[in-house]
Amino acid sequence: MRLSRSFIPTIKEIPAEAQIASHRLMLRAGLVRQTSAGIYAWLPLGHRVLKNIERIVRQEQDAAGAQELLMPTIQPAELWRESGRYEDYGKEMLRIRDRHERDMLYGPTNEEMITDLFRQTVKSYRELPQILYHIQWKFRDEVRPRFGVMRGREFLMKDAYSFDIDYVGAVASYRRMMLAYMRTFQRLGLKAIPMAADSGPIGGDLSHEFIILAPTGESQVYYDKDFEEIDWVKSDFDYGSPDDLQSFFYLMTSMYAATDEKHAPAAWQIVPPERRREGRGIEVGHIFYFGTKYSKAMNCTVATPEGRPVHPEMGSYGIGVSRLVGAIIEASHDDAGIIWPDSIAPFKAAILNLKRGDAACDALCETLYATLGPAAALYDDRDDRAGVKFADADLMGHPWQIVVGPRGAAAGKVELKRRATGERHEVTPEDALARIG
């Protein structure tokens, strides 16, 4: 994309309403604009990041055997009355009445709807297990929305739901999703720590939240640094092997990890001092096993091999896709701007033409842009000062910057900067392209 033709409205001033780094940087870098309290329009740069996160989440859900569908945002209230949650959920639920006086709601979550879809279709144990997921916008009418997309009212979530014939199968599905989450977060460039958690209004018995470290995190966290040493993507754990899933889960639960709410000082003291890590953390995902809470309330049954009807065992598994954008920025930024992980950056590289109109600069930049392509490179072809271009490139946080000046272009050289480290090297254009990949 050519920056001169793009819709990326960067701003120099620090927005007065933004209290935390991610909110400030998302506004300044032109990722989002607020349309009303807690509701944001995602501009092209932010939308590209959202789609990159979605892509990785989707790939790992599919690899774990989950199937994607898409449920509507507007749900009938009768399903929530059937589960008993319509009155219990409180004012966070946006309730609507249509022209026929039917009670509807903007879905804050989808347990009721997925249970209804499942019970209409699945009748036998032979059709289990099933894990179904979608990536959809949700709405919770927060009384005090703040911190930008970190605590907005409208948000994009991946939520998955598992159905199993018995407890053993439900636990296997739970472990499968936990492994998928560890691989997902690693591919997003994050070190996520799973911690035992309360189940909240969704309900349930077995529950873990996934925390990433950031100074502005809402919780104090304590964990064993061995969590940081494991390469989950390259690990040999097989989704289809119950033994592998059991070994994986044992590994996860044998290392200490807790938020301040569940912190056990006596158990913490057993962890060797050199392995203790603590800090503030942001929740980016949450998984629950809740048994027959919804299948029983909504009379969802399947037949066993003996023909006896039983209520399927269920679990739900959420990742805050839009929240992740803010959380990643909180964990990865500096005074100059955002530092995107390579896997989700809106562009791989920014090409900075320091002297537009210089024949050598223009020609070299065009060659680099044509080679990388508009999907991978943001070409700053604006007629602006070099300082403006450097500042905007750092603010937007693309992993690489290719700096083309008249002296370097005449000598067949460019400066290649790595945003995360600030390292700069003078290289040939071919070497720069090879490093960017």
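Here, the structure is the one placed above.
The paragraphs below set out a description of the structure included in this document.

**A look at the sheet that holds strand S19 (residues 349-353)**
Taken together, five strands build an open sheet; the order of strands is S20-S19-S21-S22-S23 and the sheet is mixed. This sheet does not close on itself; its edge strands, each paired only once, are strand S20 (377-380) and strand S23 (424-427). Across this sheet, the average inter-strand angle for adjacent strands is 20°, counted without regard to direction. Examined bridge by bridge, strand S22 (residues 414-418) and S23 share four bridges and lie antiparallel to one another. Its bridge partner lying in S23, glutamate 415 is registered against glutamate 426. Docked against the sheet, helix H11 (residues 386-396) engages S19, S20, strand S21 (400-404) and S22, running at close to 175° with respect to S19.

**Description of the pattern of salt bridges**
All told, the structure shown has 28 salt bridges when counted by the stated rule. One salt bridge connects glutamate 101 with arginine 97, and the closest N-O pair in it is separated by 3.8 Å. Owing to a relative accessible area of 55%, glutamate 101 belongs among the exposed residues under this scheme. Of the charged contacts, one joins aspartate 116 and arginine 119 as a salt bridge, the two residues approaching to 2.9 Å between their closest N and O atoms. With aspartate 116 and arginine 119 both in helix H4 (residues 111-121) and three residues apart, this pair spans about one turn of that helix.

**Side note on the side chain of glutamate 142**
Within the fold, glutamate 142 resides in the loop between strand S7 (130-139) and strand S8 (154-164). At 3.3 Å, the side chain of glutamate 142 forms a polar contact with the side chain of arginine 151. Leaving out residues up to four positions away in the same chain, glutamate 142 has contacts with Glu92, Arg151, Gly152 and Arg153.

**Comments concerning the nonpolar core**
One recurring pattern in soluble globular proteins is that nonpolar side chains are buried together. Counting 78 residues, the largest nonpolar core has Leu31, Ile53, Phe185, Phe210, Leu324, Val325 and Trp340 as the members making the most contacts within it. Counting residues per element, this core draws most heavily on helix H5 (residues 167-187), at nine residues. Among the nonpolar cores identified, the runner-up in size contains 24 residues, and Ala77, Trp80, Met93 and Met113 belong to it.

**Focus: the packing of helix H1 (residues 21-28) against helix H9 (residues 321-331)**
Two elements in contact, H1 and H9, have axes whose closest approach is 8 Å; the angle formed by their N-to-C orientations is 105°. It follows that H1 is roughly perpendicular to H9 by the angle criterion. Facing H1, whose interface residues are Ala21, Ser22, Leu25 and Met26, H9 presents Val325, Gly326, Ile329 and Glu330. Residues belonging to the contact of H1 with H9 are distributed by class as follows: five nonpolar, two polar and one charged.

**Regarding the packing of aromatic side chains**
Counting across every chain of the model gives 15 aromatic pairs. Arranged with centres 5.5 Å apart and planes meeting at 75°, the rings of tyrosine 167 and tyrosine 289 form a pair that is edge-to-face. Pair noted here: tyrosine 167 is in helix H5 and tyrosine 289 is in strand S13 (residues 276-291), with a separation of 122 residues, a long-range link. Judged by its relative accessible area of 8%, tyrosine 289 is buried. Consider the rings of phenylalanine 237 and phenylalanine 248, whose centres lie 5.6 Å apart with planes at 65°: the pair is edge-to-face. Taken together, the positions of phenylalanine 237 in the loop between strand S11 (219-224) and helix H6 (242-254) and phenylalanine 248 in helix H6 put the pair eleven residues apart, joining distant regions of the chain. Phenylalanine 248 shares its class with phenylalanine 237; the two are buried. The structure contains a cluster of three or more aromatic residues connected by ring pairs, namely Tyr174, Phe249 and Tyr317.

**Overview of the sheet that holds strand S6 (residues 103-106)**
With respect to topology, three strands assemble into an open sheet ordered S4-S6-S5, the strand pairing being antiparallel. Of all strands in the sheet, those bounded by a partner on one side alone are strand S4 (74-76) and strand S5 (94-97). Within the sheet, the average angular offset between the axes of one strand and its neighbour, ignoring direction, is 35°. The pairing of S4 with S6 spans three bridges and is classified as antiparallel. Within S6, the position partnered with proline 76 by the bridge is methionine 104.

**Regarding the packing of H5 against H6**
Interhelical geometry of H5 versus H6 gives an angle of 65° and a closest axis separation of 10 Å. Where H5 crosses over H6, the handedness of that crossing is left-handed. Touching Ala172, Tyr174, Arg175, Arg176, Met178, Leu179 and Met182 of H5 are Leu245, Gln246, Phe248, Phe249 and Met252, all from H6. Class assignment for the residues of the contact of H5 with H6 results in nine nonpolar, one polar and two charged.

**Digging into the pairing of S6**
Bridging between S5 and S6 involves four bridges; their strand directions are antiparallel. The partner of arginine 95 across the bridge, within S6, is leucine 105. Counted between consecutive antiparallel strands, the loop separating S5 from S6 contains five residues, among which glutamate 101 sits at a positive phi close to 65°.

**Notes on the pairing of strand S16 (residues 313-320)**
With eight of eight residues buried, S16 is to be regarded as a mostly interior element. Across the two faces of S16 the burial is the same, with Glu313, Gly315, Tyr317 and Ile319 and Met314, Ser316, Gly318 and Gly320 all buried. As defined by bridge partners, S8 adjoins S16 across eight bridges and the pair is classed as antiparallel. Following the sheet pairing, tyrosine 161 is matched in S16 by serine 316. Inspection of the sheet shows S13 paired to S16 by six bridges, in the antiparallel sense. Across the sheet, residue isoleucine 287 finds its bridge partner in S16, namely tyrosine 317.

Basis of the calculations
Residues numbered from 1 in each chain as written. Predicted model: local features only at pLDDT ≥ 70, side-chain atom pairs only at ≥ 80, totals over all residues. Heavy atoms only, no water. Pairing = 2+ DSSP bridges. Helix = DSSP H or I, 4+ residues; strand = E, 2+ residues; numbered from the N terminus. Axes fitted to C-alpha atoms, helices over the stretch in contact; angles between N-to-C directions. Contact = heavy atoms within 4.5 Å. Salt bridge = Lys/Arg side-chain N within 4 Å of Asp/Glu carboxyl O. Buried < 20%, exposed > 50% of the residue type's maximum accessible area, 1.4 Å probe, protein only. Polar contact = N/O pair within 3.5 Å; in protein donor to acceptor, adjacent residues only side chain to side chain. Core = buried A, V, L, I, M, F, W, Y, C linked by side-chain atoms within 4.5 Å. Parallel < 35°, antiparallel > 145°, perpendicular 65-115°, else oblique. Nonpolar A, V, L, I, M, F, W, Y, C, P; charged D, E, K, R; others polar. Phe/Tyr/Trp six-rings, centres within 6.5 Å; stacked < 30°, edge-to-face > 60°. Left-handed = near helix turned anticlockwise from the far one by under 90°.

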